[in-house]
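What follows is each chain in one-letter form.
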Amino acid sequence: MAGRPRSIDRDKVLDAAESIVVESGAAGLSFEAVARAAGITKGGVQYCFGTKENLIRAMIERWGNGFEAEVTAHAGSDRSPRAIIRGHLAASRDSDEAEHSRSAAMMTALLQSPDQVASTRVWYTQRLEGLDMENEADRKAALAFLAGEGAFLLKAFGLIDLTQAQWAALFSDMLALAGEGKDKAPL
């Protein structure tokens, strides 16, 4: 009598894949490497994700969903475009070194997959589309958002070295530019 197939913990597999990308870059990501790191068979990884592109997509989706939850928590009940931008800035401000490394790894993996680049382009467009670029306050929020993304990516890729105090001061200025405190309580 055949045994019942062992259930595969998808999050454990995604954790293993993330670790590989952080340690070895996207080039080191293979079903064999993920299977070894997750303690399952290569067939188990293939069963879960089908293709390497689907594995990358799942990693990026999980990463994005986690970040969006942080943004939403910071924005609170205010769902306005500027509140979402402020929530995004606050979530970026509060990220730690581990998150910067993880983000760099995810961005590297993202660049390996043209369909993920396209969906990221859509995501950025959607993040900004609720803002009216004829409105000065909305333009300032967009500017703060773009500055925050630039700072986050530069730090994630190790291209700038800022103390935590410097990082917090920059994001405080970006949040002020995005209108923190003008139309809602500070984050």
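Residues numbered from 1 in each chain as written. Predicted model: local features only at pLDDT ≥ 70, side-chain atom pairs only at ≥ 80, totals over all residues. Heavy atoms only, no water.

Each helix and strand counted, the protein chain has nine helices and zero strands in total. Along the chain direction, N to C, the helices and strands of the protein chain fall in the order α-α-α-α-α-α-α-α-α. Referenced to the eigenvectors of the C-alpha coordinate spread, the extents of the protein chain come out at roughly 70 × 35 × 30 Å. Surface exposure of the protein chain reaches about 10200 Å², of which carbon and sulfur atoms provide 55%. (Helix = DSSP H or I, 4+ residues; strand = E, 2+ residues; numbered from the N terminus. Areas by Shrake-Rupley, 256 points an atom, 1.4 Å probe, with all protein chains shown as cover.)

Each packed pair of helices is defined by two parameters, the angle between the axes and the distance between the axes. Between helix α5 (residues 81-93) and helix α7 (residues 114-129), whose axes approach to 8 Å, the crossing angle comes to 125 degrees. Relative to α7, α5 is oriented oblique. On α7, the residues touching Ile84, Ile85 and His88 of α5 are Trp123, Arg127 and Leu128. Here the contact of α5 with α7 is composed, by residue class, of four nonpolar, one polar and one charged. (Axes fitted to C-alpha atoms, helices over the stretch in contact; angles between N-to-C directions. Parallel < 35°, antiparallel > 145°, perpendicular 65-115°, else oblique. Contact = heavy atoms within 4.5 Å. Nonpolar A, V, L, I, M, F, W, Y, C, P; charged D, E, K, R; others polar.)

Another aspect to go through is the environment of Ile56. Note on placement: Ile56 falls in helix α4 (residues 52-75). Residue Ile56 is classed as buried on the basis of its relative accessible area, which comes to 6%. Along the backbone, Ile56 and Leu110 are 54 residues apart, and their C-alpha atoms lie at a distance of 7.2 Å. Here Ile56 is in contact with Leu29, Ala109 and Ser113, once residues within four sequence places are set aside. (Buried < 20%, exposed > 50% of the residue type's maximum accessible area, 1.4 Å probe, protein only.)

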